[in-house]
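Coordinate inspection notes
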Amino acid sequence: MDMTEDNIKQVNSEIQVEGNVVKLPSAENAEKPKSKPKNVHAGHRQRLRKRFLENGLDSFEDHNALELFLFYAIPNRDVNDLAHDLINEFGSLSGVFDARIEDLCKVKGISEYSASLIKLLPAMARRYEQVKISAKETVYDSPEKIAEYMSGVYFGINREEIYIVCLDSACRLLKCINLGTGEIDKVSVSYRNIAEQVFSTNAANVIVVHNHVSGIVAPSPQDIVFTSSLVTAMKGVGIRISDHIIMGNGKEHFSMRQSRKWGNIFRT
């Protein structure tokens, strides 16, 4: 290594000679390497997990709750900014989980794997609610009990879906069957298919259920026409349609059978 005059002067100034002994600079006096700046995010994941385990999610801001969830999809990077980006893109926490996979994947930092995990959460919550309610062996003898069950079926669904709920003579659940997706007057519903599905369960009572994404549970003219036609058609093959329940937000519902205006449809 070439030594400059300044290097030589520095070395000579640090070397001490006492008699015949040459003393080199001690490690204590040597210049110490600069320490790396402290990472302010160190331990953040552990702190957030501990906070959840001790106190639940109630005290979390929406972006913190989403950040905690994203830890399990993206294990090796800071996802705080990504949580903010997702909520800003889709408008709310629920908007993130309601978004389509292809739209989620357009957000920088979200892979198909991460998008799939995001979509899994509402589907799993929906399954949890259904299994939890079914495990009670409930007797579904009122619109309120049907609405409680169907609120789990519709959890996280942001499109209209039509179901028939098949009950035995004691009003116990036999099967909940999806007839189609879309507005009730635009879904191709085969009366023959409905009859075959009902006969396969030996149902004594059949209840039609569909949801209004708007949250308004009042029946539309199309709902009334569809219900009247279905009740008449099914009566011709010996199937009793007991009610048509329209679901709104959560457990909010409207029973056409219980309404003074439309109840006669089911009594003819």
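Okay, so let's go over this structure. Here the residue index of a chain counts from 1 through its sequence in written order. Selection of residues for local features in this predicted model requires a pLDDT of at least 70, selection of side-chain atom pairs for listing and counting requires 80 or more, and totals for whole chains, interfaces and linings are taken over all residues. Side-chain metrics in this entry use all non-hydrogen atoms of the structure; hydrogen atoms and water are not considered.

**A closer look at helix α4 (residues 80-90)**
- Only protein chains enter the accessibility calculation, which uses a 1.4 Å probe; a residue whose area is less than 20% of its type maximum is buried, one above 50% is exposed, and one in between is partly exposed. Starting at the N terminus, helices and strands are each numbered in turn, a helix being any DSSP run of H or I of at least four residues and a strand any DSSP run of E of at least two. Burial in α4 covers these residues: L82, A83, L86 and I87. Along the axis of α4, the buried residues cluster in a sector spanning 135°; they form a single face. Facing away from the buried side of α4 by more than 90 degrees, the exposed set consists of D81, N88 and E89.
- Positive phi appears at G91, one or two residues downstream of α4, with a value of about 90°. Each C-beta atom gives one direction from the helix axis, and the arc is the one those directions make.

**Some remarks on the packing of aromatic side chains**
- Between rings of Phe, Tyr and Trp, where Trp is taken as its six-membered ring, a pair exists when centres lie within 6.5 Å; planes separated by under 30 degrees are stacked, by over 60 edge-to-face, and by other angles tilted. Under the counting rule described, the total for this entry stands at 3 aromatic pairs.
- Aromatic pair F69 and F97: ring centres 5.5 Å apart, planes at 75°, arrangement edge-to-face. Note that F69 is positioned in helix α3 (residues 62-70) and F97 in helix α5 (residues 93-98), a separation of 28 residues in sequence. For the pair F69 and F97, a shared accessibility class is recorded, and that class is buried.
- Judged by centre distance (5.7 Å) and plane angle (70°), the ring pair of Y140 and Y149 falls under edge-to-face. Across this residue pair, the class does not change: Y140 and Y149 are buried.
- Sitting above the plane of the F60 ring, R51 keeps its charged end 4.1 Å from the centroid. Whether a charge lies above a ring is judged from NZ of Lys or CZ of Arg, which has to be within 6 Å of the ring centre and within 35 degrees of the ring normal.

**Thoughts on the pairing of strand β5 (residues 205-211)**
- Burial analysis of β5 places 7 of its 7 residues in the buried class, the great majority of the element.
- Burial along β5 is two-sided: N205, I207, V209 and N211 and V206, V208 and H210, pointing in opposite directions, are all buried.
- Inspection of the sheet shows strand β3 (residues 161-167) paired to β5 by 6 bridges, in the antiparallel sense. The residue bridging I164 from the neighbouring strand is V208, located in β5. By definition, two strands form a pair when at least two bridges between them are found by DSSP.

**Let's talk about a negative patch on the surface**
- A cluster of acidic residues, D78, D81, D85 and E89, forms a negative patch on the protein surface.
- Position of E89 relative to the elements: it lies in helix α4.
- Judged by relative accessible area, which is 54%, E89 ranks as exposed. The patch calculation keeps residues exceeding 30% relative accessible area without a salt bridge and links them within 9 Å when they carry like charges or within 5 Å when they are nonpolar (Val, Leu, Ile, Met, Phe, Trp, Tyr). The Shrake-Rupley method, run with a 1.4 Å probe sphere, supplies the accessible areas, and residue values consider only the shown protein chains as cover. When a carboxyl oxygen of Asp or Glu lies within 4 Å of a side-chain nitrogen of Lys or Arg, that pair is called a salt bridge. Only four residue types enter the charge count, namely Lys and Arg as positive and Asp and Glu as negative; His and the chain termini do not. One atom stands in for each charge, and that atom is NZ of Lys, CZ of Arg, CG of Asp or CD of Glu.

**Regarding helix α9 (residues 191-201)**
- Taken residue by residue, α9 has I194, A195, V198 and T201 as its buried positions. Axial view of α9: buried residues confined to an arc of 130°, hence all on one face. Counted as exposed and oriented over 90 degrees from the buried face of α9: R192 and S200.
- Those residues of α9 hidden inside the fold are in contact with β3, β4 (173-181), β5 and α10 (221-235). Throughout, a contact is declared for two residues whenever any of their heavy atoms are within 4.5 Å.

**Considerations on the packing of α9 against α10**
- Where α9 contacts α10, the two axes come as close as 11 Å, and the packing angle between them is 55°. Considering their axes alone, α9 and α10 lie oblique with respect to each other. The handedness of the crossing between α9 and α10 is right-handed. Residue-level contacts link Y191, I194 and A195 of α9 to S229, L230, A233 and M234 of α10. Interaxial angle, 0 to 180 degrees, is taken between N-to-C directions of lines fitted to C-alpha atoms, where a helix line uses only the stretch in contact. In these notes the angle categories are as follows: under 35 degrees is roughly parallel, over 145 is roughly antiparallel, 65 to 115 is roughly perpendicular, and the rest is oblique. Here a crossing is called left-handed whenever its near helix is offset anticlockwise from the far helix by less than a right angle, and right-handed whenever the offset is clockwise.

**Brief notes about the sheet that holds β3**
- Spatially, the 5 strands line up as an open sheet ordered β4-β3-β5-β6-β7, and their pairing is mixed. Either end of the sheet is taken by a strand with one partner, and the two such strands are β4 and β7 (253-255). If you compare each strand with its neighbour and ignore which way they point, the axes differ by 20° on average.
- Packed onto the sheet, helix α8 (residues 143-153) meets β3, β4, β5, β6 (241-247) and β7 and runs at close to 50° relative to β6.

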